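Structure assessment
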Amino acid sequence: MTQSDLRTQATEIHEQFTDQLDLTVEDVEERLDTLVNEYKVPTDEARRSVVNTYLDEAGMDRDQLGGGGGNEQVQAADVDAPEEWVDIRAKVVELWDPRADAVAQVGLLGDETGTIKFTKWSKSDLPELEEGKSYSLRNVVTDEYQGRFSVKLNRTTTIEELDEDIEVGDDSVEVEGALVDIQSGSGLIKRCPEEDCTRVLQNGRCSEHGEVEGEFDLRIKGVLDDGEDVTEVIFDEAATEELTGITLEEAKEMAMDALDTTVVADEMRADILGRYYTVTGPTFGRYVLADEQERLTGSVDADELLIKARSI
Ligand SMILES: [Zn+2]
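Our subject in this report is the structure included herewith.

Procedures and definitions
- Here the residue numbering is sequential within each chain, running from 1 through the sequence in written order.
- Confidence filtering applies because this is a predicted model: local features only for residues at pLDDT of at least 70, side-chain atom pairs given and counted only at 80 or more, and all residues used for totals across whole chains, interfaces and linings.
- Hydrogens and water are ignored here; the side-chain numbers use all heavy atoms of the structure.
- Buried residues are those whose accessible area, probed at 1.4 Å on protein chains only, stays under 20% of the maximum for their type, while exposed residues exceed 50% and partly exposed ones sit between those limits.
- Secondary structure counts use DSSP, requiring at least four H or I residues in a row for a helix and at least two E residues in a row for a strand, with both numbered from the N terminus.
- Should DSSP find at least two bridges between two strands, the strands are taken to pair.
- For this analysis, a ring pair means two rings from Phe, Tyr or Trp (six-membered ring only for Trp) whose centres lie within 6.5 Å, classed as stacked if their planes differ by under 30 degrees, edge-to-face if by over 60, and tilted for the remaining angles.
- Consider the ring centre and the ring normal. A charge sits over the ring if Lys NZ or Arg CZ is within 6 Å of that centre and within 35 degrees of that normal.
- Side-chain atoms within 4.5 Å link the members of a nonpolar core, which is a set of buried Ala, Val, Leu, Ile, Met, Phe, Trp, Tyr and Cys residues.
- Note on contacts: a residue pair qualifies if any of its non-hydrogen atoms lie within 4.5 Å across the two residues.
- Expected helix span is computed as 1.5 Å times (number of residues minus one).

**Quick notes on the pairing of strand β12 (residues 215-225)**
Burial analysis of β12 places eight of its eleven residues in the buried class, the great majority of the element. Two elements, strand β8 (residues 172-182) and β12, share four bridges in a ladder whose sense is antiparallel. When the bridges of β12 are listed, I182 appears paired with G222. The pairing of strand β9 (residues 187-191) with β12 spans five bridges and is antiparallel. Its bridge partner being in β12, L188 is matched across the sheet by L218. Looking at chain direction, β12 and strand β13 (residues 230-235) are connected through six bridges and run antiparallel. Residue pairing in the sheet places L224 in a bridge with T231 of β13.

Pasting the structure below:
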């Protein structure tokens, strides 16, 4: 690493702390230089270490740290890594009710490429965003939870309302095929009741919160096979009910009568396995989340799929 690279890094770090700490670029450069050239610490690590030192000194959280300008302008669908400082132009598609005092606003932002969740912290002291309005948001931080990305607005974020109305694209996909497998964790399941957790319980235990009193839910994790590819599809309670005609209440009754929750998945399996469906919905990691589904009749059959498969 050359001295001018060190200088550049030092300048960037310095910029992030100018409001909070009495620092010179030289101070920062010296620290970096010691780590990199004397202790042979990799540059990334050295930078992280120096930033952490200053965060401690300033009594700040990483969340409060500015990107120092020059962020990449991203689109909703481009966000694919956590902890990146980015700028985004998007429309507020939906606002949800915040479930914690620390959150001032939470909802969905959208642009031409699709949608992404956003969170605005109460302590960030930012103006209210309005549903249906488009904004330029600078200095937001990306985050990831269970494979799904979001952006967080923080104290250093700037919000500018735009005159234009950003068109929000559809990130849904459509898959079609035979339902060839229904995976474990389908049917009548129990979820962790802890706030923001909702993990599916295994033998009454949440992997995060241990033994808890679970809440019943319906879900199907299925595999659609179109003869070329297989796609994993998740049907939530409403989609499962539509798919199988079994409501959550009915499922609970079935389980109570049999003293066994697995009867529900068995019953569902008998009804839907091997049938053909078209499923439309957004992708979440490797899954398609079923928003809409249609059972196909007559037009496709197993022979036809086999013929198609052989012809490829
Ligand atoms: Zn939990």
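**A closer look at the pairing of strand β5 (residues 134-145)**
In this structure, strand β2 (residues 85-96) lies alongside β5, joined through six bridges in antiparallel fashion. Looking at the pairing, V86 lines up with V140 of β5. As paired strands, β5 and strand β7 (residues 158-161) are joined by four bridges and run antiparallel to one another. Bridge pairing in β7 links L137 to I159.

**Details of the packing of aromatic side chains**
For the coordinates displayed, the defined rule picks out one aromatic pair. Its guanidinium or amino end placed over the ring of F216, K190 lies 4.8 Å from that ring's centre, counting from NZ or CZ.

**Observations concerning the nonpolar core**
Residues V233, F235 and V279 are the most contacted members of the largest nonpolar core, which totals 22 residues. For this core, the secondary structure elements donating two or more residues are β8, β12, β13, α4 (237-244), α5 (248-258), α6 (262-272) and β14 (276-284). In contact with F235, not counting residues within four places along its chain, are L218, R219, I220, T240, L243, V279, A290 and Q293.

**Quick look at helix α2 (residues 25-38)**
Look at α2: 19 Å from first C-alpha to last across 14 residues, which is about the 20 Å you get at 1.5 Å a residue. Every buried residue of α2 is accounted for by V25, V28, E29, L32 and V36. The inward-facing, buried residues of α2 contact α1 (3-17) and α3 (43-58). Phi turns positive, to about 55°, at K40, one or two residues after α2.

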